[in-house]
Amino acid sequence: MSLALDFTSPAPASAADRVTLFADVILPLPLPRLYTYRVPYELNDNVVIGGRVIVQFGAKKTLSCIVAAVHEQAPKDYQAKYILEFIDDAPVVTQPQLKLFRWMADYYMCTLGEVINAALPSALKLSSESRIQLHPAFSREENEYPLTAQEEQILDALGTLEESKALTFTEVGELLGVASFHKVIKSLMHKEAIFLFEHTADKYSPKVLKKVRLAHHFVNEASLEMLFNTLTSKPKQLDVLMKYLQRVPVYQNEHANHAGMEKAALTSSPHLSPSAVNTLIKNGVLEQFDQIVSRFPLEDEPTAQLHFTLSEAQTAARDEILNHFGEKDIVLLHGVTGAGKTEIYIDLIRKALEGGGQVLYLLPEIALTAQIVTRLLRVFGSRLGVYHSKFSDNERVEVWNGVLSGRFQVVIGVRSAVFLPFDDLSLIIVDEEHESSYKQYDPAPRYNAREVALMMGNFQGAKTLLGSATPAVETYYQAQQGRYGLVSLTKRFGEAGMPEIELIDTRKQREAKTMHNHFSAELLGEIERKLGAKEQVILFQNRRGYAPVVACQDCGWIPKCTNCAVSLSYHKHSHELRCHYCGYHDPMVSKCPCCGSRAVKTVGFGTEKIEDDLKIMLPQANVQRMDLDTTRAKNAYQQIIGDFEKQNTNVLVGTQMVTKGLDFANVSLVGIINADSIIHYPDFRAHERAYQMFVQVSGRAGRKGKKGKVLIQTADPQQVIFDKVIRNDYLEFYNYEIMQRREHGYPPFMRVIKMTVKHMEQGLCEQAAIFLTQELVERLGRTAVLGPEAPYIFRIRNFFIQEITIKLDRAHTVLKHAKQQILDAIDACKDQKEFKQARFVADVDPM
DNA sequence: ATCTACGACTAA
DNA sequence: TAGTCGTAGATG
């Protein structure tokens, strides 16, 4: 906080030449405009663009927000309120970031407040909570009003607190054990027993280490000698002292004592008792002190040799990339799975750092594993920051501040790492650039981190490298058009060859009665063979749970979710029926509630059933499952990967999770249990998604010298897409797909904006969607608007859904104009009284 | 998002 | 008629 007057700064200007400053701030709310506040004269020098300030918004709320602009224009139509407090004396949001955030709000049709909300770790947003304090003039003895028991309870609690301490509303609620405490507080205020105030505080708290050291007067041989003598009768304390001296060589180096050692290391040692330590502290032998430490301890300097050698192909690719960067800002590195792209990235990062700029390395959530982080840490040491969604808020703030301070020059992170406060980026790497998890869908901003990264690179003059084994069709198109440089790696690193891919016709197998549950004889046989050879197997099934549907064999009754238009999935482990959209769950039924029949059977299958079947058919195999359900716990994912890596498990059954970035040397077989459900998906990206998924899973097979095998089970092997997968020919796939896109007017030729209309009532949802369609058609023309249409799952969390697809010309000016038209159309709908409860959402470049 | 003012509606 | 409920409208 920089509220205090700074006496070292020049004397305040005289009233005559004082300027009146106003600040436009970004409130962390979904409001379309910035709000203007007045800067108090005496704080004119404290205004920092990109710094946080506290303001009063409305009658009740104090909020922390970001200063976006400072100017002298007094607002004409209203009296600006004063800024209450300045939190930062340096920006927490850099100028290039503000520019980027503005672009995001514009492009993705959301508000700046929504962008800020997504961008800032919530510990940087200040929390404002009301607190109550004992009224100084109040005395219980002279009190004229009778007090209720609850009121007494609160006053008691306030009385035991230290001077000037206060209770938060939350604490009052906990104290009384009820949520409805506002009446009690109101009554106490009326009786002038308490008063209320707002308190805003930084939520970030530094990590504090409890340490101990020898009291300074013992730090010489003579006094230590005496100390030993006095402790001879106290063996426990002597043990502690010995341990301390062993860890902190006070004899050799007196200064070593100043740093002391961690208290926990003393108290948690097996033979030392905490009470002995505490006694020593109490008697003044040891002194305890706090040390603020980073949550990311400084690694020892890089251990890996900085100049590891790239293969010939890798070197060539790297040089080609650098060559392209000479004239182009964006390069696509198209390298088959296992080609060794990471080494190239590391080499490029090193080069960029030598030039003095910052580097951002983006990875999709599931690919950002300990494997890759450890590898980078070894090369870049403490210069590397990691930004992961599993991180606590405090950890995120430390990364944020570390980027601001320059401590972290390289950051490896997931989607939201594009929000970090870089101001001098020289290189951005977006690995697995085709990944749909780069697109945020649910809360606004509905952004694609790949596109944001490209724009950020553009703003900061950084070069951007997109990497993938299966580039997005849009990306490859840009490369073909010459807008991006294109570099290809067609061979795997080392001896490893591309895996051999085979299709298995499940329809034929079913007719021949050679299917065992969902396993063909071939797949089962191959699994057994691999296990016999002590090799490992990955099985992919794109559906979690035991069975997606449960049905009564007699009357056809199917349990459905009460909030969504989906059938409930059966989860055997918990013996529950679950909705995968809203989390609703019920115990599994044994008797049909409709006809009373006992013949309630599961239909279809998920990972849990595959795991189950396999355990029965191959009891000698050690099977592990990896999906959303088994990785919910904090370290479960690491645990499963670790077990598989150490070969404690032979077979890994999983959903999409097993397709991404995992690199196991001993996997020689990958099985796709049911390819059909992946292909038959009702949208224009279905084929692309399927192709990517098949190639990515296949890529898990046969690394480090072994040739792998991939078995794909399908009821329809004639599908064109399999041909491209088997021949491992991306270009063939791309040529086919780009033709389709051109023909049907989809990206990259047209731009898509998807409108979603939601309403609790089905009829009103449909009406609102029709109304919006009309408004859109009026503004954009009949051909640009498709729908409305109910999606396959037409109701989620009690909201009915209608979708409208808008296709637009890609030209920049057209697009900008069209977005304004769309916003106008939405406003027209909101003006309609009957649609007041409807929600209208625009999703730019949906995935 | 969240609060307020205002009108409508219900309980006595 | 007071108290409760729901919603349009503003927030600097």
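Please refer to the structure placed before this passage.
So, here's what we can say about the structure.

Rules behind the numbers
- Residues numbered from 1 in each chain as written.
- Chains lettered and ligands numbered in written order.
- Predicted model: local features only at pLDDT ≥ 70, side-chain atom pairs only at ≥ 80, totals over all residues.
- Heavy atoms only, no water.
- Near = heavy atom within 4 Å.
- Polar contact = N/O pair within 3.5 Å; in protein donor to acceptor, adjacent residues only side chain to side chain.
- Nonpolar A, V, L, I, M, F, W, Y, C, P; charged D, E, K, R; others polar.
- Buried < 20%, exposed > 50% of the residue type's maximum accessible area, 1.4 Å probe, protein only.
- Helix = DSSP H or I, 4+ residues; strand = E, 2+ residues; numbered from the N terminus.
- Pairing = 2+ DSSP bridges.
- Right-handed = clockwise from strand over helix to strand, strands pointing away.
- Lys, Arg positive; Asp, Glu negative; His and termini not counted.
- Salt bridge = Lys/Arg side-chain N within 4 Å of Asp/Glu carboxyl O.
- Contact = heavy atoms within 4.5 Å.
- Phe/Tyr/Trp six-rings, centres within 6.5 Å; stacked < 30°, edge-to-face > 60°.

**As for the protein's contact with DNA strand C**
Close to DNA strand C lie Leu31, Arg33, Leu34, Tyr35, Thr36, Tyr37, Phe57, Gly58, Tyr78, Lys81 and Lys836, which account for all nearby residues. Of what DNA strand C places within 4 Å of the protein, 45% of the atoms are sugar or phosphate. At 3.4 Å from a base nitrogen of DNA strand C is found a side-chain nitrogen or oxygen belonging to Arg33. At 2.8 Å from a sugar or linking oxygen of DNA strand C is found a main-chain nitrogen or oxygen belonging to Thr36. Residues belonging to the surface near DNA strand C are distributed by class as follows: six nonpolar, two polar and three charged.

**Overview of the protein's contact with DNA strand B**
Neighbouring DNA strand B are Leu29, Pro30, Leu31, Lys60 and Lys61. Sugar and phosphate atoms constitute 71% of the interface atoms of DNA strand B, taking the interface as everything within 4 Å of the protein. By residue class, the composition of the surface near DNA strand B is three nonpolar, no polar and two charged.

**What about the pairing of strand β29 (residues 651–654)?**
Alternating positions in β29 separate into two faces, Val651 and Val653 on one and Leu652 and Gly654 on the other, with burial throughout. Of the pairings in the sheet, the one linking strand β22 (residues 536–540) to β29 comprises four bridges and is parallel in character. When the bridges of β29 are listed, Leu539 appears paired with Val653. Strand direction decides the pairing type here: strand β28 (residues 623–626) and β29, joined by four bridges, are parallel. Across the sheet, residue Arg625 finds its bridge partner in β29, namely Val653. Where the polypeptide runs from β28 across helix α20 (residues 636–645) and back to β29, its parallel neighbour, the crossover connection is right-handed.

**Describing the side chain of Asp24**
Relative to the assigned elements, Asp24 resides in strand β1 (residues 22–26). The buried charged residue Asp24 lacks any salt bridge, with Arg102 as its nearest oppositely charged partner at 6.7 Å. At 3.0 Å, the side chain of Asp24 forms a polar contact with the side chain of His71. Among residues more than four places away in sequence, those in contact with Asp24 are Leu34, Tyr35, Thr36, Ile66, Val67, Ala68, Ala69 and His71.

**Considerations on the packing of aromatic side chains**
Throughout the structure, instances matching the rule amount to 19 aromatic pairs. Pairing Tyr477 with Phe749 gives two aromatic rings, centres 5.1 Å apart and planes at 70 degrees, and the pair type is edge-to-face. Taken together, the residues Tyr477 in helix α16 (residues 473–480) and Phe749 in the loop between α24 (730–744) and β32 (750–759) connect sequence positions 272 residues apart. The class for Tyr477 is buried, based on a relative accessible area of 13%. Among the residues examined, Phe749 registers a relative accessible area of 18% and is labelled buried.

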